[in-house]
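Now for the letters of each chain:
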Amino acid sequence: MPATILGIETSCDETAASVVAETGEAEKPWAIRSSVVASQAPIHREWGGVVPELASRQHIRDICGVVERALEQGGVGLADLDAIAVTQGPGLVGSLLVGLSFAKSLAAACDLPLVPVHHLAGHIESLFLQHGPLPLPAIVLVVSGGHTNLYLVPEPGVYRPLSRTRDDAAGEAYDKVAKLLGLGYPGGPIIDKLAKQGDDHAIDFPVARITHADRNAPFDPGLLDFSFSGVKTAVLRYVKARTAGEASYTPGRRGTPWKEAEQPAAGTLSDREMADVCASFQRVVVEALLDRTFAAAVHHRVRSVGIAGGVSANSRLRADAQKRGEELGLPVFVPTISLSTDNAAMIAAAGLRRFTAGVRGDLDVNADPALALLPTTPSPSPSPDPGR
Ligand code: KG4
Ligand code: ZN
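Source: prediction; values computed, not measured.

(A) Region of the structure containing the sheet that holds strand 6 (residues 138-143). Overall, mixed pairing links the 5 strands, which are arranged 8-7-6-9-10 in an open sheet. Lying at the two open borders of the sheet, with one neighbouring strand each, are strand 8 (160-163) and strand 10 (332-333). Where strand 6 and strand 9 (residues 304-308) come together, 5 bridges link them in parallel fashion. Paired with Val 140 across the bridge in strand 9 is Gly 306.

Structure (structure tokens):
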């Protein structure tokens, strides 16, 4: 019997629930029956970022209604479920606890198995949920507000970490740059939109290049690490210099004075310049993400590339990734926008992967804000030896 699972996600500022069912079809093994997301963005916008205490309180208000709607829209009752999957970590501990406590209570009340899920396994599985099995091995970039990680996926359910960010995540850099430009929260979609009207070469923001002293040295996996705090600081210095009416900006222009037409006006940036800052910032971030993703893809001779997580909603990242993939003859997969940003369908999918592999969580499982992603989903428990 194909399994049906309820997924619950509350790791940050989205309360989400979803019903996903197995289809029995090899090309598309999972189908989304419903996916409900209650976003708290309007609440946190006022503060320029997520306020953990407000987030957990809002999850408590929303969780019952969101789960009820997911079941209703999925056309299933609690009796039709085979398991409940829930994000165990990483994330904000207060927020995680709301979803996890709710899932544990429901599992106990309905006598259903509980399947704890790693949030990033959810982002990776969003690719398989949408596209079916990817050609493997694959390189998957998970790029969100909290993470920027590269994984090698040699087979379904196996996630081998290759690199991570040494400081800010890419989404965090987007959010911080939007905040310092006074653009609002979350910053990614706003910068993405404004960047379309700007000149992406107007300002030469630097991006951290992690290079090897010896250019002929063998491939060093450390070179795949990311770093985004430098470009964020460069934007800050640029904006400060411009709005203070200083005569030059150092990082990109190497101390050269502004051209006459560019004489800085003290105060705020013009709309035109704001768009140029967004476009120039976005260009270097996207280049940094794709340089390393495709370097890893070539080195590991993979058969496909996947990009998941909130920042994978970025229009330039998507377009440039497709272009690079075409140049290398590598298929590139990204989820639809609703599966890119946090949602519970991806948690249900990762939950189904673990459930069919025999994973069950105890009811005393705890939220873990720094949960590590284990490279391998345990394989199905061996069937009892008929000879004994
Ligand atoms: O995966 P996600 O919803 O939550 C986390 O797990 O962090 O990712 C949220 C992040 C935020 O930093 C947001 O600014 C960014 O994804 N984001 C984008 C875009 N849409 C969302 N970044 C760049 N361009 C976008 N279009
Ligand atoms: Zn996420």
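(B) Layout of unusual backbone geometry. Look at the link from Gly 89 to Pro 90: it is a cis peptide, with omega at -10°. Mapped onto the fold, Pro 90 is located in the loop between strand 4 (83-89) and helix 3 (93-110). One non-glycine residue, Asp 111, lies in positive phi territory at about 55°. Along the chain, the position of Asp 111 falls in the loop between helix 3 and strand 5 (114-118).

(C) Looking closely at the environment of Asp 111. The exposed category is assigned to Asp 111, whose relative accessible area is 70%. Sequence-wise, Asp 111 and Asp 82 are 29 residues apart; in three dimensions their C-alpha atoms are separated by 9.7 Å.

What counts and how
Residues numbered from 1 in each chain as written. Chains lettered and ligands numbered in written order. Predicted model: local features only at pLDDT ≥ 70, side-chain atom pairs only at ≥ 80, totals over all residues. Heavy atoms only, no water. Pairing = 2+ DSSP bridges. Helix = DSSP H or I, 4+ residues; strand = E, 2+ residues; numbered from the N terminus. Buried < 20%, exposed > 50% of the residue type's maximum accessible area, 1.4 Å probe, protein only.

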